Amino acid sequence: MDPRGTAHLPLKKEDAAAALARTVGQIADLQEQLYAHRRWGVLLIFQAMDAAGKDSAIKHVLSGVNPQGCEVSSFKAPSADELDHDFLWRTTARLPGRGRIGVFNRSYYEETLVVRVHPELLERQGLPEGLVTPQIWKERFEDIVAFERHLARSGFLIRKFFLNVSADEQRERFLARLDEPDKRWKFNPDDLKDRARWDDYMAAYEDMIRHTSAPHAPWIVVPADRKWFAHHVVASAVVEALASIDFKRPRATAPSRREIAAARRALATSSSPESTPSRSSRGSSSSS
Ligand code: ATP
Ligand code: MG
């Protein structure tokens with residue numbers, strides 16, 4: 001897929017900020033409904049090569065969302081404790097609850113990417129010998145597909161974004177990280193080792209996307225060389241996912257008509273507790 005492709009969308013760079021602001025507003029509105037409805041949950045997964053713009057996409061696309069309804073988890077190299085468990089353990093602990101949006105910045109998909117490209121990482125996982133066969137990647141795809149089907153059947157929408165940056169654009173972004181003092185903290189010399197394995201990563205990504213895309217958990221390959229375009233694609237896909245939920249069905253926690261009527265009656269006849277200062281007295285006494 002072309003990392004600079006636009007799929008013939010008529011969006012121009014000068015219109016992108018306004019279009020994104022509109023979409024971000026739609027996401028904020030829909031997230032409020034998701035939170036109030038509290039039956040569905042949403043999982044957004046981001047995978048990409050270094051400097052493809054995962055952080056920036058998450059920051060922009062979710063900039064309107066109420067922080068109480070959203071949680072971002074970033075998965076780095078696993079700890080000793082995490083390596084002592086099955087590969088879905090640490091991410092399962094970070095799944096969103098109903099009414100919430102969970103964002104995975106990297107995910108269990110690393111188990112079919114970095115671990116595949118660097119076999120020494122697989123050795124470190126301490127799996128019983130007989131279980132490590134050439135079939136292991138196919139088996140991991142099957143396990144992930146089954147796991148995501150289980151999540152979908154439990155009421156969780158899943159959207160998976162592969163930010164498809166080109167090797168040339170990655171070089172430019174690495175150079176910018178070296179050149180600009182403000183960006184230098186982002187540069188990690190180890191990233192060059194992964195860059196040297198570019199073709200192996202692309203083969204692993206392609207195999208992974210082919211084996212784990214499903215109607216209820218699609219991979220969206222996002223042209224990522226232009227950030228403004230990538231943000232537009234991700235934000236639009238998030239709106240599409242949230243808008244597919246039927247929020248008209250009864251809310252999990254909405255009060256019944258009888259409860260509403262009883263509460264109105266109770267409030268109509270109850271006087272305010274004496275110790276609570278009235279609005280006017282609070283206003284006049286505060287000078288600070
Ligand atoms: P940036 O784009 O800013 O560099 P990042 O997501 O790459 O952000 P890093 O601090 O570089 O963040 O750490 C992530 C590293 O952890 C990646 O190199 C990734 O491949 C590695 N990692 C993630 N999950 C696993 C895993 N299951 N096994 C081994 N390594 C993993
Ligand atoms: Mg990195």
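Scroll up for the structure.
Treat the numbers as computed from the prediction; the structure is a model and nothing was measured.

Q: Please explain the site of ligand 1 as it appears in this structure.
A: In the vicinity of ligand 1 there are 15 residues, among which D50, K54, K76, R106 and E111 approach most closely. In this structure, an oxygen atom belonging to ligand 1 sits 2.9 Å away from a side-chain N or O atom of D50. E111 is positioned with one of its side-chain polar atoms (N or O) 2.9 Å from a nitrogen atom of ligand 1. Considered on its own, ligand 1 offers 630 Å² of accessible surface; in the complex 81% of this is hidden by protein. Contributing elements (two or more residues each) for the shell around ligand 1: α2 (54–61) and α5 (114–117).

Q: Looking at this structure, I do not really get unusual backbone geometry. What am I missing?
A: In this structure, A51 takes a positive phi of about 65 degrees despite not being glycine. Position of A51 relative to the elements: it lies in the loop between β1 (41–48) and α2. If you check the backbone angles, R106 has positive phi at about 70 degrees while not being a glycine. Here R106 lies in the loop between β3 (101–105) and α5. Residue R106 is classed as buried on the basis of its relative accessible area, which comes to 18%.

Q: For this particular structure, what's the right way to read the nonpolar core?
A: The nonpolar side chains of a soluble globular protein tend to be buried, and buried together. Judged by nonpolar contacts, the single largest core of 68 residues is most densely connected at Y108, F161 and L163. A total of 10 residues in this core trace back to one element, the largest contributor, which is helix α11 (residues 227–243). Not counting residues up to four positions away in its chain, the partners in contact with Y108 are L43, I45, F87, L88, T91, I144, F147 and E148.

Q: Would you mind going over the packing of aromatic side chains with me for this structure?
A: In this description, a pair of aromatic rings is defined by centroid distance and the angle of the planes. Tallying each qualifying case throughout the model produces eight aromatic pairs. Judged by centre distance (5.1 Å) and plane angle (40 degrees), the ring pair of Y108 and Y109 falls under tilted. Assessed through its relative accessible area of 1%, Y108 is described here as buried. Residue class for Y109 comes out buried when judged on its relative accessible area of 0%. Cluster of aromatic residues (ring-pair linked, three or more members): Y108, Y109, F147 and W219. In this structure, R38 is placed above the aromatic ring of Y35, and the distance from its NZ or CZ to the ring centre is 4.6 Å. Between R140 and the ring centre of F87, over which it is positioned, the NZ or CZ distance is 4.7 Å.

Q: Help me out: how do you make sense of the packing of α2 against α11 in this one?
A: Each packed pair of helices is defined by two parameters, the angle between the axes and the distance between the axes. Remark: α2 packs on α11, axes separated minimally by 10 Å, with the N-to-C direction vectors making an angle of 55 degrees. One element, α2, and the other, α11, form an angle in the oblique class. Where α2 crosses over α11, the two elements pack in a sense that is right-handed. Note on element contacts: α11 touches α2 through K227, H231, V234, A235 and V238, opposite S56, A57, H60 and V61. Considering only residue class, the contact of α2 with α11 consists of five nonpolar, three polar and one charged.

Q: Please explain the sheet that holds β1 as it appears in this structure.
A: Strand pairing in a sheet is mediated by backbone hydrogen bonds. Such pairs are either parallel or antiparallel. Pairing within the open sheet is parallel, and its five strands lie in the order β2-β3-β1-β4-β5. The strands lining the two open edges of the sheet, one partner per strand, are β2 (70–74) and β5 (219–223). Each neighbouring strand pair of the sheet contributes to a mean axis angle of 20 degrees, computed without reference to strand direction. Relative to β3, β2 runs parallel, the two being bridged by five bridges. Across the sheet, E71 pairs through a bridge with G102, a residue of β3. Sitting on the sheet, helix α10 (residues 198–212) touches β1, β4 (156–164) and β5, and the angle it makes with β5 is about 140 degrees.

Thresholds, definitions, all that
- Residue numbers here run from 1 along each chain, matching the order of that chain's written sequence.
- As a convention, the first chain written is A and the first ligand written is 1, with the rest following in written order.
- Reporting in this predicted model follows two pLDDT cut-offs: at least 70 for local features of residues, and 80 or more for side-chain atom pairs to be given and counted; totals over whole chains, interfaces and linings ignore these cut-offs and use all residues.
- Hydrogens and water are ignored here; the side-chain numbers use all heavy atoms of the structure.
- Being near a molecule or strand, for a residue, means having at least one of its heavy atoms within 4 Å of it.
- Whenever two N or O atoms come within 3.5 Å, that pair is a polar contact, provided that in protein one can donate a hydrogen and the other can accept it, and provided that, for residues adjacent in sequence, both atoms are side-chain atoms.
- Each accessible area value is a Shrake-Rupley result obtained with a 1.4 Å probe; residue values ignore everything except the protein chains displayed when judging cover.
- Secondary structure elements follow DSSP: runs of H or I of four or more residues count as helices, runs of E of two or more count as strands, with numbering from the N terminus.
- Three exposure classes are used, based on accessible area relative to the maximum for each residue type with a 1.4 Å probe and protein chains only: buried under 20%, partly exposed in between, and exposed over 50%.
- Nonpolar cores were defined as sets of buried Ala, Val, Leu, Ile, Met, Phe, Trp, Tyr and Cys residues, with membership established by side-chain atoms within 4.5 Å.
- Contacts were defined at the residue level, with two residues in contact if any of their heavy atoms lie within 4.5 Å.
- Stacked, tilted and edge-to-face are the three classes assigned to paired rings of Phe, Tyr and Trp, where Trp is represented by its six-membered ring and a pair needs centres within 6.5 Å; plane angles under 30 degrees give stacked, over 60 edge-to-face, the rest tilted.
- Placement of a charge over a ring requires the Lys NZ or Arg CZ to be within 6 Å of the ring centre, with the centre-to-atom vector within 35 degrees of the ring normal.
- The convention used is that axes are lines fitted to C-alpha atoms, helices contributing only their stretch in contact, and that angles between N-to-C directions extend from 0 to 180 degrees.
- Angles are sorted into four bins: roughly parallel if under 35 degrees, roughly antiparallel if over 145, roughly perpendicular if 65 to 115, and oblique for all others.
- The crossing is said to be left-handed when, going from far helix to near helix, the turn is anticlockwise and less than a right angle, and right-handed when the turn is clockwise.
- Each residue gets one of three labels, nonpolar for Ala, Val, Leu, Ile, Met, Phe, Trp, Tyr, Cys and Pro, charged for Asp, Glu, Lys and Arg, and polar for the others, Gly among them.
- The pairing criterion for strands is at least two bridges between them, as found by DSSP.

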